[in-house]
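# Residue-level structural notes
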Protein chains: 2
Amino acid sequence: MAVARRTSRDIRSESRLVVMRALLAAGESTRNELADETGLSPGTVSTIVGDLLKGGIVVETGLISGNIGRPTTGLRMDPDRGRIVGVYADVEEAYFEAIVFDAALGELARIEVQADVRLDDADEIIDRIVSTLDAALERAKANCVDVLGVGLLLPGGMQRPVKAAAAVPNAIWLHLDRLRDRLGLPVVVDNPLKAIATGELWVGAGRRYANLVTVNLGIGVGAGIVQDGTVMRGASNTAGEWGHTLLAFEGRQCQCGRKGCVEAYVGAAGIQQTLAEIDPDHPLASAGLRECVLGLAAAVANGSPDPAAAATIERTAHYLGAALADLVAVINPEAIILNGWMAEAFDRMLPTIRQRVLDDSPGEAAVGLVIEDHVVGGLIGIAAVTLERFLRDIGLVTTKTLPAL
Amino acid sequence: MAVARRTSRDIRSESRLVVMRALLAAGESTRNELADETGLSPGTVSTIVGDLLKGGIVVETGLISGNIGRPTTGLRMDPDRGRIVGVYADVEEAYFEAIVFDAALGELARIEVQADVRLDDADEIIDRIVSTLDAALERAKANCVDVLGVGLLLPGGMQRPVKAAAAVPNAIWLHLDRLRDRLGLPVVVDNPLKAIATGELWVGAGRRYANLVTVNLGIGVGAGIVQDGTVMRGASNTAGEWGHTLLAFEGRQCQCGRKGCVEAYVGAAGIQQTLAEIDPDHPLASAGLRECVLGLAAAVANGSPDPAAAATIERTAHYLGAALADLVAVINPEAIILNGWMAEAFDRMLPTIRQRVLDDSPGEAAVGLVIEDHVVGGLIGIAAVTLERFLRDIGLVTTKTLPAL
């Protein structure tokens, strides 16, 4: 990759993104308020708003009377510019979900499908994706021609081809052309880490922190890194794979093929393994992963006399705190936002996690650090990625770092 | 920290930095060549060159006849715009070094001082810094009034105040005001990680890679992260402290207070500890740290029959490769540049290190990764930081992320 030069087009692009995100946050706003909110000059805001009006992204909403001065024209993102569909395909768990959003990232309709058989064939998977998407569009009373883009959220993708058996989720990555042909629509694919980070940037904590890390906790664990209004992707879109950094050299076998990864200790399977080490006969040690983690959290929350559950949660909090301290050491963010279905399960452990992060982070790096739970869904995140892609296609932004799909 | 908005001033600043770095690389250049080299438009380059001429940073060198077209005006950074002094103070080893650079980062004179006593008193340390700097200026026949700024390079600073005894290097950080008063000059302070990364950006690999990580290997180890022309500093200037991320949970005691840090395995003391684990009676196990590491490397290079040395170097290469894979997972850079006095000692192990990085990195993240040795000195790096600070003071750049010193 050649060294990227930021041009005046890029700075216009960045300013447009800043204005659009501020508009989304406000719902309705005016040029003056946007200038105040963004720190951009009124002249720059006027120019940008002109570009966005011309691109049909923003609409005027009539005159607004403020406390002082003349009435000014209200502005908002135009929800009816089109529709964006986010589709989540968790092939491993045969779970599919689609949400139709308007162009202001408002949710219009949602469909969830739990298939009762494991899908092993790419054609079957593509069929499910298409039918879930169609059902969601129908529920939203939306027409295909209004769809600006489809964002496909795929977990996984981190298996090393040589070491691990080819996992099914990866199979889909190899058949995106077929999916695109079937849909006849622009398709953007990304993993939950990047999608959640993009979601925080557009509709979440990205408004409050210039440098933040989103941490996704579930079967898989990983991070999304936001720096100065941009999601860091790295040379080949794998930046943020903190779940596959070392917790213990030559430690537990991780599903990715490496030994000792963070995921092998704080991912759901890792937590179950910790429980089995503490009490091999515990009933949750042989339960499903989700049932196990939620069961452990519930036992601790209820104050049940279950010392193995308490010890597992406690030990996991230390693993997680230590692993988060590694992110603090390398990235030194202002905030870490915990996300994913397991984040809530660890809610009560936040003080322990915070203390461990503070103890293990270098120097004063974690002193001002905010650690908080937040739930920006992966699907609104992939919708934001898809919106960025559409904005790029119509020439309004230059975001270069989207995966070349 | 409020969310930073990039303004048109910032983009001008970035373009100016790009042009100055291209000029430094070329030595002498023309407006057209700079436009070709940087990808900026000829109009933008002309404007920028005008600003730099006005600021006295660049000078015209007369007409240059090219192969085609009319002769054009040559340009170069003006070395005589002033002097920049980089001072390295390794208080722990009582070692002081100062280099006087011209304003085009050319070295004019160097002084090295090895004190024969350990300095424990801040006044003594400040005296040494001032006298080393004065001696270097004298050798360079430079006058104090010509000095644009002094860059002070201080190792360490990562000790956690609570856990570790207050180390002497930190003491200096507390007395910078006194040093500034003594010198009567602008002083910029930074650690070697940030300085080396800034050096690569100005005069090294930063020209070839948009996203790179510099890794410093010595008594301490750490990283500098360069993303799109900027050194990542984080919320409190500690980004890049990879040396204090986990290699092994609850593993070896690190000097920073944490257990199991990368530095405790691949720093010089960690290597000696590995040797002592393999062969406690090995003569190098009780030698000085530098002597130990260089001795081990020499033994392996010479093919001496020293199985303990070979095993130590081999095991360290695996520790280092695994720890570098963690950087690949989180940052996903195009290149990792090894630096510091120990980098050379591991030269012969590069194939082992590379293979381990490839094996341990997630997915395909390390497939296109370049790992190479490079020696951009810390002092030219801190001089580049100082130059940036001077450029900011005269209004030519807006670089916001320098430590507030």
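The rules behind the values
- Residues numbered from 1 in each chain as written.
- Chains lettered and ligands numbered in written order.
- Predicted model: local features only at pLDDT ≥ 70, side-chain atom pairs only at ≥ 80, totals over all residues.
- Domains from an automatic or database assignment.
- Helix = DSSP H or I, 4+ residues; strand = E, 2+ residues; numbered from the N terminus.
- Buried ≥ 20, exposed ≤ 12 C-beta atoms within 10 Å, placed from the backbone.
- Contact = placed C-beta atoms within 7 Å.
- Axes fitted to C-alpha atoms, helices over the stretch in contact; angles between N-to-C directions.
- Parallel < 35°, antiparallel > 145°, perpendicular 65-115°, else oblique.
- Nonpolar A, V, L, I, M, F, W, Y, C, P; charged D, E, K, R; others polar.
- Pairing = 2+ DSSP bridges.

Parsing chain A into structural domains produces domain 1 (8–77), domain 2 (81–196 + 379–393) and domain 3 (205–375). Between the C-alpha centres of domain 1 of chain A and domain 3 of chain A the distance comes to 39 Å.

Below, the discussion takes up the environment of A205 of chain A. All names here are of chain A. Structurally, A205 is set in the loop between α7 (192–203) and β8 (211–217). A205 gets classed as buried once you count the C-beta atoms within 10 Å, which come to 22. Along the backbone, A205 and R258 are 53 residues apart, and their C-alpha atoms lie at a distance of 32 Å. Here A205 is in contact with E200, L212, A335, I337 and H374, once residues within four sequence places are set aside.

Next up on the list: the packing of α7 of chain A against helix α14 (residues 378–393) of chain A. Packed helices, taken two at a time, are described by the angle their axes make and the gap between the axes. All names here are of chain A. With their axes 7 Å apart at the nearest point, α7 and α14 run at an angle of 80° to one another. Taken together, the axis directions place α7 and α14 in an arrangement best described as roughly perpendicular. Where α7 approaches α14, its residues P192, A195, I196, T198, G199, W202 and V203 are matched on the opposing element by G378, I380, G381, I382, A384 and V385. Of the residues belonging to the contact of α7 with α14, the class tally is 9 nonpolar, 4 polar and no charged.

Residues and elements named next belong to chain A. Following the sequence through the fold, I125 ends up in helix α4 (residues 122–139). On the basis of neighbour counts, which here come to 22 C-beta atoms within 10 Å, the residue I125 falls in the buried class. Considered as a pair, I125 and T386 are 261 residues apart in the sequence and their alpha carbons are 21 Å apart.

Residues and elements named next belong to chain B. Pairing is mixed in the open sheet, where 5 strands are placed in the order β5-β4-β3-β6-β7. Both edges of this open sheet fall to β5 (107–114) and β7 (187–190), since each of them pairs with a single strand only. Across the sheet, the mean angle from the axis of one strand to that of its neighbour is 15°, orientation sign disregarded. By the bridge criterion, 7 bridges tie strand β4 (residues 95–102) to β5 in an arrangement that is antiparallel.

Right, let's talk about the interface of chain A and chain B for a bit. Across the contact, 52 residues belong to chain A and 52 residues belong to chain B. At the level of secondary structure, the elements contributing two or more residues to the side of chain A that touches chain B comprise α1 (8–26) and α11 (307–331) of chain A. Residue contributions to the side of chain A that touches chain B peak at 5 residues, all from α11 of chain A. Taken together, the residues of the side of chain A that touches chain B break down into 25 nonpolar, 15 polar and 12 charged.

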